[in-house]
Amino acid sequence: MHQFRYVGNKLFCEGVAIETLVKKFGTPLYVYSQGTLAGHYQKLDAAMSGVDHLICFAMKSNSNLSVLRTLANLGSGFDIVSDGELHRVIKAGGDPRKCVFAGAGKTASEIEFALKQNVYAFNAESEPELERINTVAARLKKIAPISVRVNPNVEAKTHSKITTGTYEDKFGIAFEQIEGVYARASKLKNLRLRGVQMHIGSQITETTPFEQAVRKMLPLVTKLKARHALEFFSIGGGLGIVYKPALASGSEAWWKTAAAKNILTPQKYADRLLPLLQPLGMKILMEPGRFISGNAGILVTHVEYVKRTGRKNFVIVDAAMNDLIRPAFYEAYHEILPLAKKNAPAISSDVVGGVCESGDYFCKDRPLPKFVAGEHLALMSAGAYGFVMASNYNSRPLTCEVLVHGKKFAAVRERQAMKEIWSGEQVADWLK
Ligand SMILES: *Cc1c(COP(=O)(O)O)cnc(C)c1O
């Protein structure tokens with residue numbers, strides 16, 4: 001399905017001109033395509049159909065209730081990292097029994113809530129955590145389903161802030177220690193060893209690191225399955241997406257050309273991994289976040305000023321790093337497109353926000369059509385790790401989010417009212 005495209009010279013999301021949404025909801029504005037979300041989920045689901053599997057959408061990438069509901073309606077489970085995320089799943093009508101609870105810092109109260117909601121498994125990341133889960137479960141007279149996150153120590157070839165599967169990272173338990181950990185965990189009475197998990201990093205754009213990690217894990221998983229009657233093997237998330245060019249990605253024609261190019265597609269992923277996974281005879285869990293949500297959203301912003309200094313052309317927009325922090329945080333690339341296509345000559349530009357930080361930029365020295373104040377532009381592929389990382393820094397309200405479905409659209413999160421920014425704060429009595 002082809003979801004963000006120009007119709008004439010106007011940028012559309014599915015059947016709706018983005019311009020229409022800007023008039024109605026203002027900017028900055030996140031716009032999500034339901035068809036793209038569903039399409040990516042279904043593509044991966046179909047590619048993995050050769051094995052009993054469950055996709056647990058990594059909702060930390062985008063946790064809007066309507067995004068979750070879209071995926072829950074397709075049968076998706078969720079990879080959660082806090083009790084707040086579990087509350088969101090329930091609120092959105094998702095099934096806690098299809099949730100896996102990840103994260104290295106689970107508190108006792110989070111564990112209690114997740115146990116009461118009967119999550120599918122806790123992905124434990126340390127032995128003290130296993131002991132804590134056991135203690136909480138004993139107190140509640142419950143048996144906690146467990147898997148341990150294995151750090152397979154493979155290089156994922158991605159940005160250092162999103163690699164997780166080497167011994168330099170805080171995640172999981174070292175490969176060599178896993179058998180001992182399972183043996184000790186099997187003696188904890190209120191745990192049920194249900195599976196084993198790995199996740200090597202994010203935005204991985206080739207199949208080789210996944211294949212290397214799975215190959216390394218296979219003998220271990222086989223042994224653990226035999227010893228502890230494990231039911232599932234979670235191969236994590238991390239499937240990368242195309243940030244450039246962002247426009248076409250998602251159409252059937254695009255997937256066909258992507259298959260011929262050096263682009264990770266669900267089919268290539270499945271072709272490499274299924275022959276390795278099928279002989280295990282286990283349920284395979286996946287935890288993709290970005291792959292499902294990344295290309296499904298854009299951030300639309302208004303050009304406030306164009307400022308030329310010495311050598312530079314600054315395009316100052318009304319979105320900023322508090323709305324989309326990825327460029328500042330990960331040096332991430334987002335394609336920038338005008339809402340109304342223009343023939344203006346390209347000029348080297350920095351697109352920046354109004355926050356008082358020199359890290360507050362969306363691109364530097366990029367050839368872009370010459371923008372003028374009053375125009376709008378779209379930061380593409382902002383559906384993952386976009387709004388979820390937004391903050392009120394500089395006391396800027398959280399933006400509005402809109403979901404588009406064909407010709408229908410709805411604000412799925414209202415723009416934050418100014419007074420909500422300080423709701424919950426007060427002036428201490430003695431200052432009055
Ligand atoms: C963040 C994370 C994911 C999702 O990563 P993506 O790159 O968005 O697919 C999956 N599993 C775990 C354990 C994670 O921490």
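**Here we look at the overall build of the protein**
Helix and strand counts for the protein stand at twelve helices and 21 strands. The globule rule puts the C-alpha radius of gyration for 432 residues at 22 Å, and the 23 Å found for the protein is close to it. Seen along its three principal axes, the alpha-carbon backbone of the protein occupies a region of about 70 × 65 × 40 Å. A total of 432 residues make up the protein; the buried ones form 56% of that total. Across the protein, the fraction of contacts at a sequence separation of at least 24, relative to all contacts at a separation of at least 6, is 70%.

**Concerning the nonpolar core**
One finds Met48, Phe78, Phe122, Phe233, Ile235 and Tyr269 to be the most contacted residues of the largest nonpolar core, which totals 102 residues. A per-element tally of this core places helix α8 (residues 208-228) first, with eight residues. Here this core spans two domains, and each of domain 1 (4-8 + 295-422) and domain 2 (48-287) adds at least three residues to it. Setting aside anything within four residues of it in sequence, one finds methionine 48 in contact with His53, Ile235, Tyr269, Ala270, Leu274, Leu277, Ile284 and Met286.

**Some points on the packing of helix α2 (residues 34-47) against helix α10 (residues 266-277)**
Across the interface, α2 lies against α10 with an axial gap of 9 Å and an inter-helix angle of 25 degrees. Put simply, α2 runs roughly parallel to α10. Every pair of crossing elements has a handedness; the one defined by α2 and α10 is right-handed. Taking contact as the criterion, the partners of Lys43, Leu44 and Ala47 in α2 are, on α10, Pro266, Gln267, Tyr269, Ala270 and Leu274. Per-class residue counts for the contact of α2 with α10 are six nonpolar, one polar and one charged.

**A few points about the packing of helix α5 (residues 108-116) against helix α6 (residues 127-139)**
Running from N to C, α5 and α6 point in directions that differ by 55 degrees, and their axes come no closer than 10 Å. Judged by the inter-axis angle, α5 sits oblique to α6. Where α5 crosses over α6, the two elements pack in a sense that is right-handed. Contacts between α5 and α6 involve Ala108, Ile111, Glu112 and Leu115 on the former and, on the latter, Arg132, Ile133, Val136, Ala137 and Arg139. Here the contact of α5 with α6 is built from residues that sort into six nonpolar, no polar and three charged.

**Details of the domain arrangement of the protein**
Here the domain parsing of the protein yields domain 1 (4-8 + 295-422) and domain 2 (48-287). Centre-to-centre separation of domain 1 and domain 2, based on C-alpha positions: 31 Å. Taken residue by residue, the interface counts 23 residues in domain 1 and 18 residues in domain 2. Taking both sides of the interface into account, the surface hidden between domain 1 and domain 2 amounts to around 1,800 Å²; carbon and sulfur atoms contribute 53%. In this structure, the connection of domain 1 to domain 2 is made through zero salt bridges. In this structure, the connection of domain 1 to domain 2 is made through six residue pairs in polar contact (both at pLDDT 80 or more).

**Points about the pairing of strand β14 (residues 297-309)**
Regular strands place side chains that alternate from one sheet face to the opposite one. Inspection of the sheet shows strand β4 (residues 29-33) paired to β14 by four bridges, in the antiparallel sense. Counterpart to tyrosine 30 in the pairing with β14 is leucine 299. Of the strand pairs in this sheet, β14 and strand β19 (residues 376-379) are connected by four bridges, and their pairing is antiparallel. Bridging across to β19, threonine 301 finds its partner in leucine 377. Joining the antiparallel neighbours β14 and strand β15 (residues 312-317) is a turn of two residues.

**Side note on the side chain of serine 293**
Structurally, serine 293 is set in helix α11 (residues 290-293). Other than its neighbours up to four places away in sequence, serine 293 contacts Leu37, Phe57, Ser61, Asn62, Gly383 and Ala384.

**Some words on the site of the ligand**
Around the ligand, the surrounding shell holds 13 residues, and the nearest of these are Lys60, Ser202, Glu287, Arg290 and Tyr385. Histidine 199 is positioned with one of its side-chain polar atoms (N or O) 3.5 Å from a nitrogen atom of the ligand. In the model, an oxygen atom of the ligand is placed 2.3 Å from a nitrogen or oxygen of the serine 202 side chain. Coverage of the ligand by the protein chains reaches 93% of its 390 Å² of free accessible surface. Residue composition of the shell around the ligand, grouped by class: three nonpolar, six polar and four charged.

**Quick notes on the sheet that holds strand β1 (residues 4-7)**
Read from one edge to the other, the open sheet built from three strands follows the order β1-β2-β3, with strand pairing classed as antiparallel. Looking at which strands have only one partner, the edges of the open sheet turn out to be β1 and β3 (16-17). With two bridges joining them, strand β2 (residues 10-13) and β3 adopt antiparallel strand pairing. Among the inter-strand pairings, cysteine 13 is bridged to a residue of β3, identified as valine 16.

**Here's the deal with α10**
Taken together, the buried positions of α10 are Pro266, Tyr269, Ala270, Leu273, Leu274, Leu276 and Leu277. Burial along α10 is one-sided: seen end-on, the buried residues are contained in an arc of 155 degrees.

**Observations concerning the packing of aromatic side chains**
Counted by the stated rule, this structure contains eight aromatic pairs. Ring centres of phenylalanine 210 and tyrosine 269 lie 5.1 Å apart, and the angle between their planes is 85 degrees; on these two criteria the pair is classed as edge-to-face. On the criterion of sequence distance, the pair formed by phenylalanine 210 in helix α8 and tyrosine 269 in helix α10 is long-range, its members being 59 residues apart. Residue phenylalanine 210 is classed as buried on the basis of its relative accessible area of 1%. An aromatic cluster is built from Tyr30, Tyr32 and Phe387, whose rings are joined through pairwise contacts. A cation over an aromatic ring shows up here: arginine 194 above the ring of tyrosine 120, its NZ or CZ 4.0 Å from the ring centre. The ring of tyrosine 361 carries the charged tip of lysine 364 above its face, separated from the ring centre by 4.2 Å.

Scoring rules and cut-offs
- Along every chain, residues carry numbers that run from 1 in the direction the sequence is written.
- This being a predicted model, a pLDDT of at least 70 is required before a residue's local features are given, and a value of 80 or more before pairs of side-chain atoms are given or counted; all residues contribute to the totals for chains, interfaces and linings.
- The side-chain figures draw on all heavy atoms in the structure; neither hydrogens nor water molecules are used.
- Runs of H or I in DSSP of at least four residues are treated as helices and runs of E of at least two as strands, each being numbered from the N terminus.
- Atoms counted for the radius of gyration: C-alpha only. Globule rule: 2.2 Å times residue count to the power 0.38.
- Here's how the labels work: a residue is buried when its accessible area is under 20% of the maximum for its type, exposed when over 50%, partly exposed in between, all with a 1.4 Å probe on protein chains only.
- Residue contacts follow a heavy-atom distance rule, with two residues in contact if any of their heavy atoms lie within 4.5 Å.
- What we call a nonpolar core is a set of buried Ala, Val, Leu, Ile, Met, Phe, Trp, Tyr and Cys residues that are connected through their side-chain atoms within 4.5 Å.
- Domain start and stop points were drawn from an automatic or database domain assignment.
- Every angle, taken between N-to-C directions, lies between 0 and 180 degrees, and every axis is a line fitted to C-alpha atoms, over only the stretch in contact when it is a helix.
- Put simply, angles under 35 degrees are roughly parallel, angles over 145 are roughly antiparallel, angles from 65 to 115 are roughly perpendicular, and the rest are oblique.
- For any helix crossing, the convention is left-handed if the near helix is rotated counterclockwise from the far helix by under a right angle, and right-handed if that rotation is clockwise.
- For this classification, the nonpolar set comprises Ala, Val, Leu, Ile, Met, Phe, Trp, Tyr, Cys and Pro, the charged set comprises Asp, Glu, Lys and Arg, and every other residue, Gly included, is treated as polar.
- Buried area adds together the accessible area that both of two parts lose upon being put together, with accessible area traced by a 1.4 Å probe.
- Note on definitions: salt bridges are taken to be side-chain nitrogens of Lys or Arg within 4 Å of carboxyl oxygens of Asp or Glu.
- Here a polar contact is recorded for every N or O atom pair within 3.5 Å, except that within protein the pair must consist of a potential hydrogen donor and a potential acceptor, and residues adjacent in sequence are included only if both atoms are side-chain atoms.
- By definition, two strands form a pair when at least two bridges between them are found by DSSP.
- Residues are classed as near a molecule or strand on a simple rule: at least one heavy atom within 4 Å of it.
- Note that accessible areas follow from Shrake-Rupley with a 1.4 Å probe, and for residues the cover is restricted to the protein chains shown.
- This arc is taken over the directions from the axis of the helix to the C-beta atoms.
- Note on aromatic contacts: the rings of Phe and Tyr and the six-membered ring of Trp form a pair at centre separations within 6.5 Å, being stacked when their planes are under 30 degrees apart, edge-to-face when over 60 apart, and tilted otherwise.
- Charge over a ring is defined by NZ of Lys or CZ of Arg lying within 6 Å of the ring centre and within 35 degrees of the ring normal.

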